[in-house]
Amino acid sequence: ARQMCIRDSREGAADTAKFTAAECAVWNREVSFAKSFERRDKKAIADHLYVTAVFSSETSGAFYGADDIIKALWVEYEERPAVVRWRPTSVSIGKKADHAIVTGIRVFEDKSNDADAAARYMSWTFRHNWRLDPDSKQWKIEYDGMEGEVQSFGSTAELDAALSKAPKTCPQ
């Protein structure tokens, strides 16, 4: 029996890929999380984090727990003016329907004056593991990481083009 229900809308995937209502619920929660980052809304970001969340898990500087993640993000925000945006491209929901994996495109623009060209405009594939919180019945992020290599770009327009490869809404 198949353990995962996978729908993939990445560039090059079949145009017929359609997501279920459950998958779109996770997709929309991911979009909500991304928008809370764009607004730098500390309360909204915290609302999307599972209490035992782990961020930047692929690095030696990982952050553990929702409170520490928020503190670390705000230190970074204050030290470096940056814009971080992303969109999902795939959603996988586990057999028990209480865990999901979302991957997609994340773009980063460092707006500080001291950013070198290679680090100013970057993109990578993110991976978020979501857990359905049994108390709030909301999907919350348990794990944040990245997959593959970081790509460098030359401008905001190039970042926008990279991000535009991901759908703006959940394909149903």
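Residues numbered from 1 in each chain as written. Predicted model: local features only at pLDDT ≥ 70, side-chain atom pairs only at ≥ 80, totals over all residues. Heavy atoms only, no water.

Time to look at the overall build of the protein chain. Within the protein chain, the secondary structure is distributed over five helices and seven strands. The helix and strand sequence of the protein chain, counted from the amino end, reads β-α-α-β-β-α-β-β-α-β-β-α. Total accessible area computed for the protein chain in this model is approximately 9400 Å², and 51% of it derives from carbon and sulfur atoms. (Helix = DSSP H or I, 4+ residues; strand = E, 2+ residues; numbered from the N terminus. Areas by Shrake-Rupley, 256 points an atom, 1.4 Å probe, with all protein chains shown as cover.)

Attention now goes to helix 1 (residues 21-38). Given a rise of 1.5 Å per residue, 18 residues ought to cover 26 Å, and the 25 Å separating the end C-alpha atoms of helix 1 matches this to within 8%. Burial in helix 1 covers these residues: Glu23, Cys24, Val26, Trp27, Arg29, Glu30, Phe33, Ala34, Ser36 and Phe37. Immediately downstream of helix 1, the backbone of Arg40 shows phi near 55°, a positive value. (Expected span 1.5 Å × (residues − 1). Buried < 20%, exposed > 50% of the residue type's maximum accessible area, 1.4 Å probe, protein only.)

With that out of the way, let us pick up the nonpolar core. Residues Val26, Phe33, Ile45, Leu49 and Trp130 are the most contacted members of the largest nonpolar core, which totals 32 residues. Going through the elements one at a time, helix 1, strand 2 (49-55), helix 3 (66-79), strand 4 (82-93), strand 5 (99-110), strand 6 (121-132) and strand 7 (139-152) are the ones with two or more residues in this core. Sequence-distant contacts of Ile45, defined by excluding residues within four places in its chain, comprise Phe33, Ser36, Phe37, Ile70, Leu73 and Trp74. Grouped together as the second largest cluster of nonpolar side chains are eight residues, Val107, Phe153, Leu159 and Ala166 included. (Core = buried A, V, L, I, M, F, W, Y, C linked by side-chain atoms within 4.5 Å. Contact = heavy atoms within 4.5 Å.)

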